[in-house]
Amino acid sequence: MPHADTLTVVHHDDTRTRFKDVRYQLHRDGIRIWSADGEHAITDVLMTHAYRHREAAS
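Conventions used here
Residues numbered from 1 in each chain as written. Predicted model: local features only at pLDDT ≥ 70, side-chain atom pairs only at ≥ 80, totals over all residues. Heavy atoms only, no water. Helix = DSSP H or I, 4+ residues; strand = E, 2+ residues; numbered from the N terminus. Buried < 20%, exposed > 50% of the residue type's maximum accessible area, 1.4 Å probe, protein only. Pairing = 2+ DSSP bridges. Core = buried A, V, L, I, M, F, W, Y, C linked by side-chain atoms within 4.5 Å. Contact = heavy atoms within 4.5 Å. Polar contact = N/O pair within 3.5 Å; in protein donor to acceptor, adjacent residues only side chain to side chain.

Visitor: I would appreciate a short explanation of the environment of valine 22 in the present structure.
Guide: When you line up the elements, valine 22 lands in strand β2 (residues 16-27). Residue classification places valine 22 among the buried positions, given a relative accessible area of 1%. The spacing of valine 22 and arginine 52 is 30 residues in sequence and 10 Å in space, taken between C-alpha atoms.

Visitor: Would you explain the pairing of strand β1 (residues 3-11) in this entry?
Guide: One face of the sheet, then the other: side chains in a regular strand alternate in exactly this way. Among the nine residues in β1, eight count as buried, and that is most of the element. Pairing between β1 and β2: seven bridges, direction antiparallel. Each residue of the ladder has a partner; that of valine 9, found in β2, is threonine 17. Connecting the antiparallel pair β1 and β2 is a turn made up of four residues, with aspartate 14 showing a positive phi of about 70 degrees.

Visitor: How should I be thinking about the nonpolar core in this particular structure?
Guide: General note: in soluble globular proteins, nonpolar side chains tend to be found buried as a group. Counting residues in hydrophobic clusters, the biggest one holds nine residues: Ala4, Leu7, Val9, Phe19, Val22, Tyr24, Ile31, Ile33 and Ile42. Of all elements in the fold, only β1, β2 and β3 (30-35) reach the threshold of two or more residues within this core. Apart from residues lying up to four places away in sequence, isoleucine 33 is in contact with Leu7, Val9, Phe19, Val22, Arg23, Tyr24, Gly38, Glu39, His40 and Ile42.

Visitor: Explain the environment of threonine 15 to me, please; I cannot follow it from the model alone.
Guide: Here threonine 15 is to be found in the loop between β1 and β2. Remark: the alpha-carbon pair of threonine 15 and isoleucine 42, spanning 27 residues in sequence, is separated by 13 Å. Those residues in contact with threonine 15, other than ones at most four positions away along the chain, are Val9 and Val10. Engagement of the side chain of threonine 15 in a polar contact is seen with the side chain of aspartate 13, the distance being 2.7 Å.

Nothing here speaks to function; it is all geometry.
Structure below.
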């Protein structure tokens, strides 16, 4: 299951929902997200932006 430091879900009405430090799973009916706030199931997904910020290696 992928991990994202920041995850933005763009909905069909162009609103955005942002999450920090989550695990997520994309599926045919939308996206399921696990965060510190609990589990979220979002079905009106137009697009997602997931970023994983990694520390630079020395």
